[in-house]
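What the coordinates show
Chain residues, written in single-letter form:
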Amino acid sequence: AGRWSLEGMTALVTGGTRGIGNAVVEELAELGAVVYTCSRKESELNDCLKKWEGLGLRVSGSICDLSVREQRVDLIQKVSSVFDGKLNILINNVGTNIRKPTVDYSEEDYSFIMKTNFDAAFHICQLAHPLLKASGNGSIVFISSVAGVVAISSGVIYAATKAAMNQITKNLACEWAKDNIRINSVSPWYIKTSLVNHLLEKENFLNSVVSRTPLNRVGEAEEVSSLVAFLCMPCASYITGQIISVDGGMTVNGFY
Ligand code: NDP
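The rules behind these values
- Residues numbered from 1 in each chain as written.
- Predicted model: local features only at pLDDT ≥ 70, side-chain atom pairs only at ≥ 80, totals over all residues.
- Heavy atoms only, no water.
- Helix = DSSP H or I, 4+ residues; strand = E, 2+ residues; numbered from the N terminus.
- Phe/Tyr/Trp six-rings, centres within 6.5 Å; stacked < 30°, edge-to-face > 60°.
- Buried < 20%, exposed > 50% of the residue type's maximum accessible area, 1.4 Å probe, protein only.

**Details of the environment of Asn46**
Looking at the element boundaries, Asn46 is found in helix H2 (residues 42–54). Sequence spacing of Asn46 and Asn92 is 46 residues, and the spatial spacing of their C-alpha atoms is 21 Å.

Below you can see the structure in the form of structure tokens.
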């Protein structure tokens, strides 16, 4: 592949039917990668697969609830058979949230957020490691959040899952460098997707977000997928273990 191309590479993007994952699937495929994706809703996945086929993008996929351990094992088996035991790119995108004051969280809330956001990403890394190593040139990108970088009113469990991702980005970068696998994390601030549209529709909420953002607006999914794609390219070959915020300047805004 050329330095700014993903030609000849294979990729797994979790949660590709909406939002950031959807933009990442299209960005990687447009840059030449062959992509596999998954989500929980079959009809939505089939609609996406049909659309991508029409656009000439090479994307396949299957249903998987990533919060369920056995389904993760099954997913990686499918990916392995489709890509002949080799995978260049893993994008850990699936994530969810429940926003509550800390003392109001139930045991069920805790385990739902933990298993969807962190257990899934961690276990998929374990399962995908042999495939990434076999490719000879592997790259993992976590879709984290600025909630794992600074304290924001996202809910504390969500923040902990994203901070955990940002930490293992550093550890795995060191542990798997010998296998020629790079690991980086992308941490967005508010991006217009189905996860947060209900919040951004409230004028007070939107205004308070925008007022803290130097670029004076929220972001688009394509403004995240561009960085994700860059991190997977040959031109990013010396970048590993990094946590990069895509936030319109929010995390560097002390008091302007
Ligand atoms: P969306 O909710 O818009 O999209 C999530 C995607 O993941 C959908 O395709 C959904 O499909 C799939 N998905 C969700 N849960 C599961 C599951 N258990 N198993 C398999 N697939 C699943 O979210 P975003 O695009 O906004 O978020 C993507 C990532 O970006 C998340 O990790 C989020 O934390 C992070 N992020 C988002 C920000 C934002 O402002 N939007 C800011 C910072 C970080 P289906 O429901 O059919 O399963």
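**What about the packing of aromatic side chains?**
A complete count under the given rule lists four aromatic pairs for this structure. Aromatic pair Trp4 and Phe230: ring centres 5.9 Å apart, planes at 35 degrees, arrangement tilted. Taken together, the residues Trp4 in the segment before strand S1 (10–14) and Phe230 in helix H8 (residues 222–232) connect sequence positions 226 residues apart. Judged by its relative accessible area of 57%, Trp4 falls in the exposed class. On the basis of relative accessibility, which here comes to 25%, the residue Phe230 falls in the partly exposed class. When the ring of Tyr190 is compared with that of Phe205, the centres are 5.5 Å apart and the planes differ by 85 degrees; the resulting orientation is edge-to-face. Of the two residues, Tyr190 is situated in the loop between strand S6 (181–188) and helix H6 (197–200) and Phe205 in helix H7 (residues 203–211); the sequence distance between them amounts to 15 residues. Relative accessible area serves as the criterion here: at 8%, Tyr190 is assigned to the buried category. What links up through ring pairs into an aromatic cluster is the set Trp189, Tyr190 and Phe205.

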